[in-house]
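Observations on chain architecture
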Amino acid sequence: METFQARLARKLADALAAADLPQAGDVTPATDPRFGDYQTNAALVLAKQRGENPRAVAQRIIDKFDVAELCELPQIAGAGFINLTLRSDALEEQTSGLLHDERFGVATAATPKRIVIDFGSPNVAKPMHVGHIRSIVLGDAMARIAQFLGHDVIRDNHIGDWGTQFGMVIWGWKNLLDREALERGPIAELVRVYKATNERSAADPAVRDACREELVKLQGGNAENFAIWQECVGLSMREFARAYELLGIRYDIQRGESFYNDRLPGIVDRLLNSGLAEISEGAVCVFFRDIPELADKPCIIRKSDGGFNYATTDIATVDYRLDDLHRDTVWIETGAPQQLHFRQIFEIARREGRHADFRHITHGNILGEDRKLMKTRSGENVALQDVLDEAIVRARKIIEEKNPDLDEAEKARTAHIIGIGAIKYADLSQFRMTDYIFSWDRMLSLQGNTAPYLQNAYVRIRSIFRKAGVDDNSAESVTLIEAAERNLAKRLCQFAEAVPSVLNDFRPNILANYLFELANSFHAFYEACPVLKSEEPARSSRLALCGLTARVLQRGLDLLGIEVPERM
Ligand code: ARG
């Protein structure tokens with residue numbers, strides 16, 4: 001089932017061709033219901049290009065615009081917009097078609113991609129902090145949406161499990177470790193040891209040298225150091241897994257940086273042999289002299305001390321993803337500071353003749369109420385685990401107030417769904433590049449553009465069905481009489497327009513905002529139109545609209561990685 005937007009866009013293209021006009025403009029949902037349901041700016045764009053009167057151009061388009069089966073007569077508005085109002089029977093037919101469609105009209109991609117998505121990707125021996133939420137939930141939402149659209153997706157956690165910090169971690173492990181503290185809180189103890197070692201090595205060159213020696217031994221395969229490293233990685237992975245479990249995140253593979261170690265020497269040789277890399281001051285570098293912004297920013301792939309680095313590993317990662325995983329599309333979700341790094345990595349891939357669609361997807365920061373990077377009172381990063389735990393505790397309070405009669409198991413489950421949902425939605429409902437302020441009160445509010453508001457809309461609909469004594473509605477079609485039911489139906493039809501557009505520029509906030517509008521339309525409908533108390537055939541039709549709304553809300557939230565409770 002093609003969306004209204006797609007059908008109207010096709011008809012517009014035909015009209016432009018028939019009117020001997022070049023293709024221009026697009027069809028978008030109307031910004032204001034007074035302007036109908038959809039509009040096109042084609043006449044405005046063409047008039048500007050050709051120096052003609054926009055309203056006259058609009059009339060030429062309308063004369064050939066064959067939309068009678070979908071719309072009322074197109075109207076010219078303002079400077080030359082063409083406004084389109086859907087016919088009720090067309091809307092009824094489209095909405096009825098969604099009632100028993102598990103995809104709610106969302107088409108699968110015409111050319112499915114083989115995507116690997118690298119997201120989350122935390123570093124070992126450090127706790128995940130609140131900032132990690134962004135990459136985790138954005139990456140997860142994109143993976144879910146891509147999969148729903150029929151793409152073949154591999155989710156990869158590119159754990160930072162190798163690097164110079166292990167010199168200090170290992171020295172600290174050997175000299176400062178408190179075994180009991182490690183039992184109690186492994187990552188906290190690793191961090192304490194790392195920090196203490198860092199301070200000592202800054203003050204004492206002998207410690208610094210000793211740390212370096214530990215690193216060289218690790219890299220040389222020394223068994224003792226290797227075992228310590230393995231234990232550190234294991235402890236961290238277990239802690240990460242707990243957070244992923246709470247967040248409902250899963251990975252298909254977790255290829256840490258260390259996975260690529262064996263490949264690194266070969267990569268440097270290859271780039272030297274092909275002439276893409278050269279030796280400069282003892283280091284092996286790739287220069288980008290022909291790219292002005294990169295001209296003075298070479299990418300070092302082997303340091304002058306012979307060590308490989310983050311960039312070398314990422315070149316190996318490109319190889320693995322393209323050659324071993326057979327991916328044609330690579331999405332990497334990290335904070336904005338890594339932009340230069342990936343620009344260089346993708347440029348090197350291009351120079352090596354790699355053909356894949358490489359995308360670095362970045363995001364802004366999470367701020368505290370003071371509008372600075374979110375920190376604890378003592379200036380530390382806020383641990384992710386603490387945030388997740390607190391979310392659930394706070395959600396629990398809301399449930400205790402709202403619905404004290406739920407049984408214990410349902411309260412616990414619902415608190416989890418609401419708390420975690422609130423955190424995820426607060427993130428995903430923002431444009432990813434925008435910095436946002438982390439506010440418990442706002443994200444857990446039952447009013448406004450929040451997860452609890454959407455979950456509550458779902459819960460209200462479920463309670464309508466409980467009252468009706470049926471689980472869902474089996475109506476085959478809807479009848480749209482009132483403006484509010486017509487508006488709700490239109491929104492439901494637009495799910496299939498919103499979902500694919502998320503991937504154009506990786507904006508889950510488009511879907512979040514869609515769901516918010518849908519919930520608003522539902523509430524307006526529910527206020528204007530009695531459901532259970534109305535007469536047939538309105539009753540069945542309205543119940544069908546309710547059921548469809550609940551399922552679209554549930555599916556839409558699921559694509560954002562958010563669950564819905566039955567009651568709250
Ligand atoms: N571990 C890195 C960090 O915490 C992110 C890794 C991103 N992915 C990659 N292929 N480099 O900054």
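Attention in this report is confined to the structure presented alongside it. (Residues numbered from 1 in each chain as written. Predicted model: local features only at pLDDT ≥ 70, side-chain atom pairs only at ≥ 80, totals over all residues. Heavy atoms only, no water.)

**So, the sheet that holds strand S11 (residues 357–363)**
Pairing within the open sheet is parallel, and its four strands lie in the order S6-S5-S10-S11. Either end of the sheet is taken by a strand with one partner, and the two such strands are strand S6 (152–156) and S11. The average undirected angle you get between the axes of adjacent strands in this sheet is 20°. This element, helix H5 (residues 132–148), spans strand S5 (114–118), S6, strand S10 (329–335) and S11 of the sheet and lies at about 160° to S6. Sitting on the sheet, helix H12 (residues 310–324) touches S5, S6, S10 and S11, and the angle it makes with S10 is about 145°. (Pairing = 2+ DSSP bridges. Helix = DSSP H or I, 4+ residues; strand = E, 2+ residues; numbered from the N terminus. Axes fitted to C-alpha atoms, helices over the stretch in contact; angles between N-to-C directions. Contact = heavy atoms within 4.5 Å.)

**Quick word on the site of the ligand**
Residues in close proximity to the ligand include Asp118, Ser121, Asn123, His158, Tyr310, Asp314, Ile332, Thr334, Gln338 and Phe342, which together make up its full environment. A distance of 2.8 Å is found between a nitrogen atom of the ligand and a side-chain nitrogen or oxygen belonging to Asp314. Contacts to the ligand include Gln338, whose side-chain N or O atom sits 2.7 Å from an oxygen atom. Mapped onto the shell around the ligand, the elements with two or more residues apiece are H12 and S10. By residue class, the composition of the shell around the ligand is three nonpolar, five polar and two charged. (Near = heavy atom within 4 Å. Polar contact = N/O pair within 3.5 Å; in protein donor to acceptor, adjacent residues only side chain to side chain. Nonpolar A, V, L, I, M, F, W, Y, C, P; charged D, E, K, R; others polar.)

**Side note on the pattern of salt bridges**
On inspection of all chains with the given rule, the structure shows 48 salt bridges. The salt bridge partner of Arg179 is Glu231, with a shortest N-O separation of 4.0 Å. With Arg179 in helix H7 (residues 179–184) and Glu231 in helix H10 (residues 223–247), this residue pair connects regions lying 52 residues apart in the sequence. The partly exposed category is assigned to Arg179, whose relative accessible area is 47%. (Salt bridge = Lys/Arg side-chain N within 4 Å of Asp/Glu carboxyl O. Buried < 20%, exposed > 50% of the residue type's maximum accessible area, 1.4 Å probe, protein only.)

**Here we look at the environment of Ser474**
Its place among the elements puts Ser474 in the loop between helix H17 (451–468) and helix H18 (483–501). On the basis of relative accessibility, which here comes to 59%, the residue Ser474 falls in the exposed class. For the pair formed by Ser474 and Gly25, sequence separation is 449 residues and the distance between their alpha carbons is 40 Å.

**Describing unusual backbone geometry**
Geometrically, the link from Glu536 to Pro537 is a cis peptide bond, its omega value of 5° lying close to zero. Mapped onto the fold, Pro537 is located in the loop between helix H19 (508–528) and helix H20 (538–559). One non-glycine residue, Glu281, lies in positive phi territory at about 50°. Residue classification places Glu281 among the exposed positions, given a relative accessible area of 79%. The phi torsion at Arg371 lies on the positive side, around 65°, for a residue other than glycine. If you trace the backbone, Arg371 turns up in the loop between strand S12 (366–367) and helix H14 (384–402).

**As for the nonpolar core**
Counting 150 residues, the largest nonpolar core has Ile61 and Leu511 as its most contacted members. Ignoring sequence-local partners within four residues, the contact set of Ile61 consists of Leu12, Ala15, Leu16, Leu21, Ala42, Ala43, Leu46 and Ile82. Listed in part, the 31 residues of the second largest apolar core include Val286, Tyr320, Leu322 and Leu325. (Core = buried A, V, L, I, M, F, W, Y, C linked by side-chain atoms within 4.5 Å.)

**Topic: the packing of aromatic side chains**
Summed over all chains, the structure comprises 16 aromatic pairs. With 5.2 Å between their ring centres and 85° between their planes, Trp162 and Trp229 make a pair best called edge-to-face. Of the two residues, Trp162 is situated in the loop between S6 and helix H6 (165–176) and Trp229 in helix H10; the sequence distance between them amounts to 67 residues. Across the pair, exposure class does not vary: Trp162 and Trp229 are buried alike. In textbook terms, an aromatic cluster arises when at least three aromatic residues are bridged by ring pairs, as seen for Phe104, Phe495 and Tyr514. Lying across the ring of Phe148, Arg103 places its NZ or CZ 4.4 Å from the centre. (Phe/Tyr/Trp six-rings, centres within 6.5 Å; stacked < 30°, edge-to-face > 60°. Lys NZ or Arg CZ within 6 Å of the ring centre and 35° of its normal.)

**So, helix H11 (residues 264–273)**
Among the residues of H11, those classed as buried are Leu264, Ile267, Val268 and Leu271. Summarising the axial view, the buried residues of H11 lie within an arc of 95°, below the 170-degree limit, and thus occupy one face. (Arc of directions from axis to C-beta.)

**Some remarks on the packing of H5 against H20**
A pair of packed helices can be characterised by two numbers: the angle between their axes and the separation between those axes. Contact pair H5 / H20: the axes reach a minimum separation of 8 Å and the direction vectors enclose 125°. The angle between the axes of H5 and H20 places the two elements in the oblique class. Seen from H5, the contacting residues are Ala141, Arg144, Ile145 and Phe148; seen from H20, they are Arg555, Asp558 and Leu559. In the contact of H5 with H20, the residues fall into four nonpolar, no polar and three charged. (Parallel < 35°, antiparallel > 145°, perpendicular 65-115°, else oblique.)

**A short note on the sheet that holds strand S2 (residues 38–40)**
Taken together, the four strands give an open sheet; going across it, the order is S1-S2-S4-S3, and neighbouring strands pair in antiparallel fashion. Across the chains shown, the open sheet's two edge strands, defined by having one partner strand only, are strand S1 (27–29) and strand S3 (75–77). With strand direction ignored, the average angle separating the axes of adjacent strands in the sheet is 35°. Sheet topology note: the S3/strand S4 (residues 81–84) ladder contains three bridges and is antiparallel. Paired with Ile76 across the two strands is Ile82, which belongs to S4. Sitting on the sheet, helix H1 (residues 4–18) is in contact with S1, S2 and S4, with an inclination near 150° to S1. Contacts from helix H3 (residues 54–64) reach S3 and S4, with the element oriented near 165° to S3.

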